[in-house]
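Commentary on secondary and tertiary structure
Each chain is listed here by its residues.
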Amino acid sequence: MWIRKLPILPTIITLLCVVIMFGLGIWQLERKAQKDTRLAQISERQSNRPYQLSELLLEPTVNNSSDVDIQDFPVSFTGTAQMNSLFFIDNKIVSGRIGYQLVVPIMTISGDIVLANFGWLRGNGIRGQLPELTAEVRALFGNQSLDFTGVVSYPSINRMVSETNTAFGQFPALLQQIDVAQIQQHLTATGFLQSGTLFPFVVNLAPEPNSEFVRNWQPVVMSPEKHLGYAVQWFGLAIAALTIYLLSLMKLFKTKNNKEN
């Protein structure tokens with residue numbers, strides 16, 4: 001039987017590689033479908049007017065579900081920025097420049113805390129030395145109630161990042177990522193959360209002209225088109241590997257036939 005004539009090791013290796021590469025191609029297509037769905041959801045939700053925070057959290061018609069899913073919804077709320085409790089998120093790159101994102105707790109009228117991402121600030125080039133906010137920014141946001149508008153975002157946690165800042169309650173605090181649990185420990189040490197609640201999301205504030213903060217938010221880092229391109233590459237590599245194997249097999253059989261004749 002001709003199957004018994006196949007070289008065992010090259011055949012196993014080739015089939016294994018082809019299966020893996022086709023699997024990776026299918027996975028990239030699934031990722032593309034997920035990104036398409038996410039972008040459509042973002043477009044639909046952000047085309048609405050900004051919801052008041054209380055309206056967004058409590059109004060069931062907003063979510064059309066019993067579960068509270070407010071990711072990517074535009075929101076507005078009123079509160080006072082706690083400028084003495086700043087969180088700088090390390091290693092954020094914009095246009096090839098390294099800097100920080102600034103996350104500030106906002107105390108609402110009801111006493112609850114909303115985490116607001118003010119945006120990106122350029123670092124001063126000295127490792128571990130945080131940038132200073134200008135007097136204008138501190139005067140604008142400090143000790144007065146203001147209206148804030150932005151988009152709700154639930155920060156993803158990179159389990160490969162080990163958080164090292166355990167100096168709870170000491171500000172400004174440098175964090176490696178936006179970790180609400182870590183931030184809660186810092187704020188608990190200050191006494192902010194004795195009577196209020198810390199919401200488990202962040203509001204990425206809307207861009208403002210002439211602001212010193214860069215707010216070019218990217219909810220989807222890799223576009224669906226890139227996933228499609230990677231899928232085509234994996235399928236192409238699988239087809240190429242299978243083609244090379246079959247051509248080599250044909251050459252091997254031809255050589256054996258010539259020797260037998």
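Residues numbered from 1 in each chain as written. Predicted model: local features only at pLDDT ≥ 70, side-chain atom pairs only at ≥ 80, totals over all residues. Heavy atoms only, no water.

Digging into unusual backbone geometry
- A cis amide bond links Phe171 with the next residue in sequence, Pro172, at an omega value of 0°.
- Residues other than glycine seldom take positive phi values, yet Asn91 does so here, at roughly 60°.
- Position of Asn91 relative to the elements: it lies in strand S3 (residues 87-94).
- Look at Asn91 and you get partly exposed, because its relative accessible area is 43%. (Helix = DSSP H or I, 4+ residues; strand = E, 2+ residues; numbered from the N terminus. Buried < 20%, exposed > 50% of the residue type's maximum accessible area, 1.4 Å probe, protein only.)

With respect to the pairing of strand S5 (residues 113-122)
- Counting buried positions along S5 yields nine of 10 residues, so the element is predominantly enclosed.
- Two strands pair when backbone bridges link them, and strand S4 (residues 97-108) and S5 are joined in this way by nine bridges, in the antiparallel orientation. Counted as the bridge partner of Gly99 is Arg122 from S5.
- The hairpin formed by S4 and S5 contains four residues between the paired strands, and Gly111 there has a positive phi angle of roughly 90°.
- Here four bridges tie S5 to strand S8 (residues 198-205), and the two strands are oriented parallel to one another. Counted as the bridge partner of Ala116 is Val203 from S8. (Pairing = 2+ DSSP bridges.)

A few points about a nonpolar patch on the surface
- Residues Leu29, Leu228 and Val232 make up a contiguous nonpolar surface patch of roughly 230 Å² in combined accessible area.
- Looking at the element boundaries, Leu29 is found in helix H1 (residues 8-46).
- Leu29 sits in the partly exposed class, given a relative accessible area of 34%. (Patch = residues over 30% accessible without salt bridge, like charges linked within 9 Å, V, L, I, M, F, W, Y side chains within 5 Å. Areas by Shrake-Rupley, 256 points an atom, 1.4 Å probe, with all protein chains shown as cover. Salt bridge = Lys/Arg side-chain N within 4 Å of Asp/Glu carboxyl O.)

Remarks on the side chain of Asn117
- Within the secondary structure layout, Asn117 lies in strand S5.
- With a relative accessible area of 1%, Asn117 lands in the buried category.
- Looking at Asn117, its side chain comes within polar contact range of the side chain of Gln101, at 2.9 Å.
- Contact partners of Asn117, with chain neighbours within four places excluded, come to Gln101, Leu102, Val103, Ile178, Val202, Val203, Asn204, Leu205 and Trp217. (Polar contact = N/O pair within 3.5 Å; in protein donor to acceptor, adjacent residues only side chain to side chain. Contact = heavy atoms within 4.5 Å.)

Section: the packing of aromatic side chains
- Taken as a whole and assessed by the stated rule, the structure comprises nine aromatic pairs.
- Where Phe87 meets Phe171, the ring centres are 5.2 Å apart and the plane angle is 90°; that geometry is what we call edge-to-face. With Phe87 in strand S3 and Phe171 in the loop between strand S6 (145-153) and strand S7 (173-175), this residue pair connects regions lying 84 residues apart in the sequence.
- Summarising the aromatic geometry, the rings of Phe199 and Phe201 are spaced 5.5 Å apart at their centres and angled 15° between planes, so their arrangement reads as stacked.
- On the basis of relative accessible area, Phe199 is assigned to the buried category, the value being 13%.
- In this structure Phe201 comes out as buried when scored by relative accessible area, which is 1%. (Phe/Tyr/Trp six-rings, centres within 6.5 Å; stacked < 30°, edge-to-face > 60°.)

A word on helix H5 (residues 180-190)
- For H5, the full list of buried residues reads Val180, Gln182, Ile183, His186 and Leu187. One face of H5 carries all of its buried residues, which in axial projection span an arc of 160°.
- Against S3, S4, S5, S7 and S8 lie the buried residues of H5.
- The N-capping residue of H5, defined by a side-chain oxygen 3.0 Å from the backbone nitrogen of Ala181, is Asp179.
- Positive phi appears at Gly191, one or two residues downstream of H5, with a value of about 90°. (Arc of directions from axis to C-beta.)

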